[in-house]
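The primary structure of each chain is shown beneath.
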Amino acid sequence: MSTRLTNLLLPTAVVLGSATGLLLLAGTNPWDPLRLIVEGSIGWPPFEEGTSAKIGDTVMVWVPIALAAAGLIVTFSAGMWNIGIEGQIILGAIAASWVAREVSASRPVLVALTLLAGAAGGLLWGLLVGVLRTAGGVNEIFGGLGLDFVAVSLTTYLILDPWRRSGVASTSGTDIFPDDALLPSLSGTRLSPLAILITLLAIVGVWILFRGTLYGLKLKAVGRNRRSAFLMGVPTNRYLLGAFMICGALAGMAGTSQATGFHFKLIPSISGNYGFLAILVVLLARFRAFWVIPISFFFAMIAVGSSQLDLRLDLSSTLGGVLQGVLVLSAMFGMGWAAFRARRKIAAGAGGAG
Amino acid sequence: MSGFVNAFVDMFDTATIASIVAGASGLLYATMGETISEKAGVVNLSVDGSMMLAALAGFVVAFETGTVWYGFPAAAAVGVAVALIIAYGNIRLSLNQVAVGFVLFALCTELSRFLGRSYVGRPPVFVPAWDIPGLSSIPFFGRVLFNHNVIVYLSLLTVAATYLFMYRTRRGLALQGIGERPEAAHARGIPVNKLRYFYTAVGGALIGIGGAAFTLDVRAGWSDGRTRNLGWIVLAIVIFGGWHPVRAAIGVLLFGALQAFALNLQPEFPSLSQVLPTMPFPAMILALVIVNWKALLKWLDRYPFLRSILRSDPPTAIGTRFDVG
């Protein structure tokens with residue numbers, strides 16, 4: 001009980017403390033920016049009337065973070081550091097953009113196709129990281145990073161050359177997609193119930209995968225100890241590839257949501273760094289699927305809300321990123337410290353008994 | 001096609017080679033730092049962030065004091081602080097090195113943007129040029145090696161010193177021991193974890209100095225994301241270099257050559273002007289595929305000399321914890 005409380009209270013205290021310290025250093029009182037973050041993301045007081053557009057934006061930032069985080073739980077369970085997640089989101093967005101630009105069909109068909117294309121694009125990019133790892137012996141961190149760079153370059157190239165805007169090519173992105181290709185949303189907002197549904201299904205799916213299926217169990221065995229899993233007859237390489245494919249497909253749909261549900265066009269920074277943010281989310285959630293829902297939402301609030309800081313307080317919007325980093329780092333060290341004390345207590349107890 | 005050839009030929013002109021050497025200093029310090037840290041068994045995955053934060057610290061201190069040399073110890077201090085957090089988290093609290101490193105990468109990157117806001121676009125402070133008298137007038141080599149500044153000379157000396165220390169001294173042997181076989185090192189009376197703290201800190205200091213070499217020399221000045229992605233290149237080059245200081249240094253120079261090549265290509269392929277500068281990054285990753293390619297290594301086994309040049313085996317105990325008793 002007391003350790004659980006420390007686990008929760010210590011990081012919170014550290015975050016509040018360091019946030020206050022940073023803000024005092026920056027020369028403002030600490031309350032205003034925090035209130036502005038809440039106000040900018042869900043309204044102040046929360047969920048007031050007239051804030052539906054803001055809330056819609058926050059939810060549509062939550063969607064890609066949570067989808068990517070759900071995917072990352074799978075790769076983390078297999079013991080893989082899928083830093084290539086950014087590239088997988090981007091390739092999903094590119095594939096969805098391609099469908100949105102080139103295919104004409106009725107809206108339901110087209111939306112389904114953009115989602116499928118996104119999943120396929122992300123899946124292939126994830127598979128590539130997996131193949132580099134299993135067949136090429138390239139550590140997934142570096143294979144993934146290399147493919148991230150390739151994906152970013154590819155996006156820039158597409159935007160500046162083959163998919164350049166009618167008139168003049170600019171790094172502000174492609175032309176807006178036709179209406180029929182966009183994720184259906186509530187009027188006046190970006191909020192797309194379909195995207196929310198897919199995200200929740202993905203999270204439940206990942207939870208079931210590790211709670212109720214043999215596949216998930218074997219995947220975890222591969223992550224815990226690859227050698228003994230292999231000796232027990234689990235085809236480890238195939239499972240690793242599977243993990244990358246699942247994660248890539250979910251990340252790719254996050255990319256679709258970014259392209260056809262948020263920006264409505266392909267832009268150079270289409271991933272919004274949400275892949276890296278999702279890694280932080282999963283580390284904070286300690287690989288538990290349902291915790292991804294609230295933590296991703298909290299991170300989305302910070303991401304959307306801190307953009308207000310530039311406008312209103314002459315404070316950098318980067319404060320949000322700093323807070324997220326401090327939060328995860330202090331949570332990790334808080335939990336590590338609690339575990340260390342627990343081990344030490346056990347050791348002392350054993351020593352006394354012996 | 002001829003554009004391609006011209007761009008390639010242009011890389012071998014004396015001025016270009018000299019500029020590659022001059023531009024390599026930051027990466028040389030940082031790769032030596034990361035190599036030392038990983039040799040001791042601790043992966044410092046934060047490089048991309050800690051190098052950037054150190055680069056900012058170096059610039060700020062040099063800018064505020066007006067003395068460029070003060071920037072370097074400040075940057076080194078930032079690098080040491082981040083490295084010690086990783087070492088403490090791993091050795092004392094048994095946290096995952098990669099996880100702590102990644103979080104610190106994210107945090108330091110954001111911190112550098114947050115704290116560096118008011119220094120964007122400030123006039124840069126430069127490390128003064130200093131030709132080595134006599135040596136700098138040697139044809140070709142004078143221009144390439146002895147026509148720079150103290151930071152560049154020291155970066156080359158750091159490579160030599162790292163190599164000599166690691167492979168030619170007793171303490172260097174201990175450093176290898178704690179990364180390869182910590183149990184054996186412990187049995188020989190070597191304080192494994194104490195030395196891991198020490199070498200991670202040394203590595204962090206060099207990573208920090210590498211950052212400052214960018215903001216005070218190679219790309220003097222500060223802007224958002226001044227050294228972005230270079231830290232990841234450092235991590236890739238350490239693997240490419242097979243955890244050997246001299247090979248890693250060659251990797252740094254190859255990377256510089258690739259950058260020069262991409263720069264030379266730009267006028268030939270204007271539509272790719274945004275894409276080409278990022279190409280050395282994936283190219284570096286491709287190089288990793290080659291040095292790790294099992295079929296190739298198997299074939300190389302028949303040619304021990306080639307194998308010894310190309311192989312890339314990590315320290316056995318890299319990324320793991322060592323618990324006494």
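Just so it is clear, the model here is predicted, and its values are computed rather than measured.

Caption draft 1: The arrangement of the overall build of chain B in detail. Looking only at helices and strands, one finds 16 helices and 0 strands in chain B. Scaling as 2.2 N^0.38, a compact globule of 325 residues should have a C-alpha radius of gyration of about 20 Å, and chain B matches this with 20 Å. Counting only C-alpha atoms, chain B reaches 60 × 55 × 45 Å along its principal axes. Taking all 325 residues of chain B together, 49% fall into the buried category.

Caption draft 2: Spatial organisation of the overall build of chain A. When helices and strands are counted, chain A shows 14 helices and 0 strands. Counting from the amino terminus, chain A carries its helices and strands in the arrangement α-α-α-α-α-α-α-α-α-α-α-α-α-α. Taking 20 Å as the expected radius of gyration for a compact globule of 354 residues, we find that chain A reaches 22 Å, a close match to that expectation. In chain A, which comprises 354 residues, the proportion classed as buried is 53%. Contacts spanning at least 24 positions in sequence make up 77% of the contacts within chain A whose residues lie at least 6 apart.

Caption draft 3: Inspection of the interface of chain B and chain A at higher detail. Tallying the contact residues gives 35 residues for chain B and 35 residues for chain A. Put simply, the parts of the chain that give the side of chain B that touches chain A at least two residues each are α5 (71-92), α6 (97-115), α12 (230-240) and α14 (280-292) of chain B. Considering every element that reaches the side of chain B that touches chain A, the biggest residue donor is α6(B), with 12 residues. Within the side of chain B that touches chain A, the residues separate by chemical class into 24 nonpolar, 6 polar and 5 charged.

Caption draft 4: Focus on helix α3 (residues 25-39) of chain B. Residue and element names in this part refer to chain B. Compared with an ideal rise of 1.5 Å per residue, which puts 15 residues at 21 Å, α3 spans 21 Å between its outermost C-alpha atoms and is within 8% of the ideal. Along α3, 15 of the 15 residues are buried, which leaves the element largely enclosed by surrounding structure. Residue G41 follows α3 closely and has a positive phi angle near 105°.

Caption draft 5: Region of the structure containing the packing of helix α2 (residues 31-42) of chain A against helix α3 (residues 52-77) of chain A. Residues and elements named next belong to chain A. Contact geometry of α2 with α3 gives a least axis separation of 6 Å together with a crossing angle of 95°. As far as their axial angle goes, α3 and α2 are roughly perpendicular. On α3, the residues that touch G40, S41 and I42 of α2 are K54, I55 and T58. When its residues are assigned to classes, the contact of α2 with α3 shows 2 nonpolar, 3 polar and 1 charged.

Caption draft 6: Up close: the environment of B:V127. Residues and elements named next belong to chain B. Here V127 is to be found in the loop between α6 and α7 (141-145). Note on V127: 22 C-beta atoms within 10 Å, which makes it buried. Along the primary structure V127 and A220 are separated by 93 residues, whereas in three dimensions their C-alpha atoms are 8.8 Å apart. What V127 contacts, discounting residues up to four positions off in sequence, is V68, N149, V150, I151, L216 and D217.

Caption draft 7: Up close: the packing of α3(B) against helix α13 (residues 245-265) of chain B. Residues and elements named next belong to chain B. As a packed pair, α3 and α13 sit with axes 10 Å apart at the nearest point and diverge in direction by 145°. Considering how the two elements wind past one another, α3 and α13 form a crossing that is right-handed. Facing α3, whose interface residues are L27, L28, T31, M32 and T35, α13 presents P245, A248, A249, V252 and F255. Taken together, the residues of the contact of α3 with α13 sort by class into 8 nonpolar, 2 polar and no charged.

Caption draft 8: Fine view of the environment of B:A75. All names here are of chain B. Along the chain, the position of A75 falls in helix α5. Between the C-alpha atoms of A75 and A54, which are 21 residues apart in sequence, the distance is 4.3 Å. Ignoring anything within four residues of it in the chain, the contact list for A75 reads A54, A55, A57, G58, G208, I209, G211 and A212.

Caption draft 9: Examining unusual backbone geometry more closely. Across the junction of A:W44 and A:P45, the peptide omega takes the value -5°, indicating a cis bond. One can find A:P45 in the loop between α2 and α3. For A:N273, which is not a glycine, the phi torsion comes out positive at approximately 65°. Within the fold, A:N273 resides in the loop between α10 (236-263) and α11 (274-285). At B:W243, a residue that is not glycine, the phi angle is positive and equals roughly 60°. Its place among the elements puts B:W243 in the loop between α12 and α13.

Caption draft 10: Region of interest: the nonpolar core. If you look at the biggest cluster of nonpolar residues, it comprises 218 residues, and the most contacted ones within it are A:I65, A:A68, A:V281 and B:V103. Beyond its immediate stretch of four places on either side in the chain, A:I65 contacts A:Y274, A:L277, A:A278, A:V281, A:S296, A:F299 and A:A300. Judged by nonpolar contacts, the second largest core, of 5 residues, contains B:A7, B:A262, B:V275 and B:L276.

Caption draft 11: Here's a closer look at the confidence of the model for chain B. Summarising the model, chain B shows a mean pLDDT of 90, and 97% of its residues fall at 70 or more. Quick note on the complex model: pTM equals 0.92, ipTM equals 0.90.

Caption draft 12: Examining the environment of B:V60 more closely. Residue and element names in this part refer to chain B. Note that V60 resides in helix α4 (residues 47-65). Since 20 C-beta atoms lie within 10 Å of it, V60 is described here as buried. Here the alpha-carbon distance between V60 and V150, two residues 90 residues apart in the chain, equals 20 Å.

What counts and what doesn't
Residues numbered from 1 in each chain as written. Chains lettered and ligands numbered in written order. Predicted model: local features only at pLDDT ≥ 70, side-chain atom pairs only at ≥ 80, totals over all residues. Helix = DSSP H or I, 4+ residues; strand = E, 2+ residues; numbered from the N terminus. Rg over C-alpha atoms; globule rule 2.2 N^0.38 Å. Buried ≥ 20, exposed ≤ 12 C-beta atoms within 10 Å, placed from the backbone. Contact = placed C-beta atoms within 7 Å. Nonpolar A, V, L, I, M, F, W, Y, C, P; charged D, E, K, R; others polar. Expected span 1.5 Å × (residues − 1). Axes fitted to C-alpha atoms, helices over the stretch in contact; angles between N-to-C directions. Parallel < 35°, antiparallel > 145°, perpendicular 65-115°, else oblique. Left-handed = near helix turned anticlockwise from the far one by under 90°. Core = buried A, V, L, I, M, F, W, Y, C linked by C-beta atoms within 7 Å. pLDDT = per-residue confidence, 0-100.

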